[in-house]
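Summary of structural features
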Amino acid sequence: MVDMDTIVSLCKRRGFVFQSSEIYGGLGSAWDYGPLGVEYKNNIKRLWWRDNVHLRDDMVGLDAAISMHPRVWEASGHVASFSDPFTGCSECGRHYRADQIYEAVWNCKWFRAVTKILESPSAKKGEWRAIANWAQSDGKKLAPNFPLKDPKLEIESPTRYPFEGPDDSRFQTFLRTLSHVGASVGNPLGVLCPNCGGAKLSEPKPASLMLETFLGPVKETATKTYLRPETAQGIFVNFDNVLQSMRKKLPFGIAQIGKAFRNEITPGNFTFRTREFEQMEIEYFVTPGTDEGWHQKWIDERFAWYQRYGIRKENIRLREHAPDELAHYAKRCVDVEYLFPMGWSELEGIANRTDYDLKQHSEFSGKALDYFDEETKQRFVPYVIEPSAGADRSALAFLVDAYHEEEVRGEKRVVLRLHPELAPIKIAVLPLLKKNSRIVETAHRICSELRKKWVSVYDDTASIGRLYRRQDEVGTPFCVTVDVQTVGDEKSPADEKVTIRDRNTMEQIRVPIALIEAVMTDLMDGKWSGSAVQVAERKTS
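My aim in this report is to walk through the structure given alongside it, one point at a time. (Residues numbered from 1 in each chain as written. Predicted model: local features only at pLDDT ≥ 70, side-chain atom pairs only at ≥ 80, totals over all residues. Heavy atoms only, no water.)

Structural notes on the packing of helix α2 (residues 35–54) against helix α12 (residues 291–308)
One way to put it is that α2 packs onto α12 with a least axis distance of 12 Å and a crossing angle of 140°. The angle between α2 and α12 falls in the class oblique. Considering only the axes of α2 and α12, their crossing is right-handed. Taken together, the residues of α12 that come into contact with α2 (itself represented by Ile44, Leu47, Trp48, Asp51 and Asn52) are Trp298, Arg302, Trp305 and Arg308. Of the residues assigned to the contact of α2 with α12, the class counts are five nonpolar, one polar and three charged. (Axes fitted to C-alpha atoms, helices over the stretch in contact; angles between N-to-C directions. Helix = DSSP H or I, 4+ residues; strand = E, 2+ residues; numbered from the N terminus. Parallel < 35°, antiparallel > 145°, perpendicular 65-115°, else oblique. Left-handed = near helix turned anticlockwise from the far one by under 90°. Contact = heavy atoms within 4.5 Å. Nonpolar A, V, L, I, M, F, W, Y, C, P; charged D, E, K, R; others polar.)

As structure tokens, this is what we get:
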């Protein structure tokens with residue numbers, strides 16, 4: 001599995017994602033999608049919209065406002081209860097979600113260093129002593145407030161290393177032992193600060209995740225509202241508008257893609273958890289009593305969707321929420337989880353929200369949000385199935401899963417094996433000799449024609465080998481090379497053919513210029529040996 005630092009480096013170097021406001025030192029947990037990143041993320045959103053809206057006759061779309069009446073958030077329960085428990089370190093001032101503190105320690109730099117100590121020869125002579133020696137040397141920078149600094153201190157409890165993850169009881173016991181070294185430094189959580197290694201963490205307290213704003217020129221008289229923490233409520237309050245204008249019958253769904261905002265306590269892991277993010281949500285309205293069947297159908301469909309576009313089955317799984325995890329509105333919830341570099345984490349949640357939201361908004365607004373069944377002559381409030389995905393998390397998951405390193409002729413080749421429909425650039429047109437005017441003119445002409453159907457680029461800024469590697473690294477499925485044979489010279493006439501190279505296999509085929517579009521159509525559909533062309537030559541570059 002590739003580490004997150006490698007992904008972050010690739011994203012900046014190749015124009016996928018930049019730190020927001022970087023020239024001013026950046027803003028924590030805020031990211032800008034660069035030239036390739038915006039194409040890539042838009043492709044994900046386009047595929048999601050096509051598959052869930054355009055290809056279904058039971059779905060419509062919506063684009064609701066970010067600013068909504070403040071009563072919306074009172075009705076939804078966000079104002080009263082949308083919070084997370086947080087804890088703070090009195091030694092370095094950092095704050096963390098208390099319910100995710102073990103995960104934060106597991107992924108922090110100082111604990112990674114400690115695991116290397118536990119695997120070293122010095123640990124065989126005494127694990128706690130080896131850790132204490134590390135804390136007195138290299139650990140001073142990574143964990144300046146680490147409690148165990150005396151190699152002579154006797155600790156009877158064994159570390160029981162190796163640990164299997166943040167939920168491993170052995171790992172948690174290890175942290176509790178460290179946090180209570182010395183009677184005066186214990187803490188109620190029994191864990192150390194992920195930033196400084198200190199043991200002085202506070203009792204957990206609730207922290208609101210709502211971001212307040214004011215609508216009006218003068219704050220004192222302005223309307224206090226919130227930046228929406230989810231897109232779902234915009235769908236619920238428009239239920240009757242959509243029902244009347246589109247004349248839909250149950251079951252039907254409303255889909256929306258849009259920005260949401262949460263005042264996260266511990267944002268991080270690159271674009272995985274941020275305070276500003278983009279959601280891809282569906283609220284699917286069904287007749288009560290049919291909700292469980294529809295819920296399972298959506299679980300199966302959403303789980304298959306990620307694999308359809310390249311996520312390997314060993315890196316994705318379903319996780320059922322335990323009863324004590326369920327949100328107050330949920331009858332059942334299942335997460336689609338992906339094996340990110342920091343471990344298994346939520347990619348999408350599919351919840352059975354029952355009739356909670358529509359009933360709440362009916363009560364608070366005084367407007368009936370129900371449905372009349374013409375066949376049964378019954379009026380009722382529909383149940384809701386909600387598949388809720390993140391565009392940013394999806395982009396990160398597809399990118400991590402596509403990343404591969406391999407050795408080719410003694411050199412490292414980095415390749416993003418993105419599905420062709422996800423790739424930000426579909427085709428790169430490359431001239432073999434940039435000083436040959438006929439080659440350059442032909443390459444530009446071919447690129448112009450291909451752009452009418454696919455995102456295509458022309459590049460002549462390096463040797464052909466380096467150009468291939470550059471396109472491999474950004475996930476371009478196919479390269480078209482124009483060479484001397486294509487345009488001819490004084491020694492031989494033009495054959496009016498180009499070389500098409502496959503990113504994954506590096507195989508090449510020679511194709512007539514007149515057939516490029518037909519061949520590319522087959523290639524984008526995964527038909528390398530399509531009927532549109534007779535392959536004259538194959539080789540690997």
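A few points about the sheet that holds strand β6 (residues 205–208)
Judged by pairing direction, the sheet is antiparallel, and its three strands sit side by side in the order β5-β4-β6 without closing on themselves. Looking at strand neighbours, the two that pair on one side only are β5 (95–97) and β6, the edges of this open sheet. Neighbour-to-neighbour, the strand axes of the sheet open up by a mean angle of 50°, direction not taken into account. Here strand β4 (residues 83–88) runs beside β6; their pairing, made up of four bridges, is antiparallel. The partner of Ser83 across the bridge, within β6, is Ser208. (Pairing = 2+ DSSP bridges.)

Overview of the packing of aromatic side chains
All told, the structure shown has 30 aromatic pairs when counted by the stated rule. By the ring-pair criterion, three or more aromatic residues cluster together here, those being Tyr102, Trp106, Trp110, Phe111, Trp128, Trp134, Phe146, Tyr161, Phe163, Phe171 and Phe174. Stacked on the ring of Tyr329, the Lys or Arg Arg353 has its end atom at 3.8 Å from the ring centre. Over the ring of Phe272 we find Arg393; its NZ or CZ atom is 3.7 Å from the centre of that ring. (Phe/Tyr/Trp six-rings, centres within 6.5 Å; stacked < 30°, edge-to-face > 60°. Lys NZ or Arg CZ within 6 Å of the ring centre and 35° of its normal.)

Some thoughts on the side chain of Ser388
Here Ser388 lies in strand β16 (residues 383–390). A distance of 2.6 Å separates the side chain of Ser388 from the side chain of Glu281, its partner in a polar contact. Leaving out residues up to four positions away in the same chain, Ser388 has contacts with Gln279, Met280, Glu281, Glu348 and Gly349. (Polar contact = N/O pair within 3.5 Å; in protein donor to acceptor, adjacent residues only side chain to side chain.)

Some words on the packing of α2 against helix α14 (residues 391–402)
Working note: a packed helix pair is described by the angle between its axes plus the distance between those axes. It is the contact of α2 with α14, at a shortest axis distance of 10 Å, that shows an interaxial angle of 110°. By the angle class used here, α2 and α14 are roughly perpendicular. Mapping the contact onto sequence places Tyr40, Lys41, Ile44 and Lys45 in α2 and Ala391, Asp392, Ser394, Ala395, Phe398 and Leu399 in α14. Among the residues forming the contact of α2 with α14, the class breakdown is six nonpolar, one polar and three charged.

Description of the nonpolar core
In terms of nonpolar packing, the biggest core is built from 54 residues, with Ile7, Phe16, Tyr40, Tyr306 and Phe398 touching the most fellow members. Here this core takes eight residues from α14, the largest share from any one element. In contact with Ile7, not counting residues within four places along its chain, are Val2, Phe270, Leu396, Leu399, Val400 and Tyr403. Counting 36 residues, the second largest nonpolar core, distinct from the first, contains Ile101, Ala113, Trp128 and Leu148. (Core = buried A, V, L, I, M, F, W, Y, C linked by side-chain atoms within 4.5 Å. Buried < 20%, exposed > 50% of the residue type's maximum accessible area, 1.4 Å probe, protein only.)

Re the environment of Val38
Summarising the element assignment, Val38 is placed in helix α2. Distance in space between the C-alpha atoms of Val38 and Glu517 is 25 Å, their sequence separation being 479 residues.

Considerations on unusual backbone geometry
Residue Tyr161 is joined to Pro162 through a cis peptide bond whose omega torsion reads 15°. In this structure, the amide linkage connecting Leu250 to the following residue, Pro251, adopts the cis form with an omega of -5°. Here Pro251 is to be found in the loop between α11 (239–246) and β9 (252–261). Even without being a glycine, Ser29 presents a positive backbone phi close to 60°. Inspection of the secondary structure assignment puts Ser29 in the loop between β1 (17–19) and β2 (31–33).

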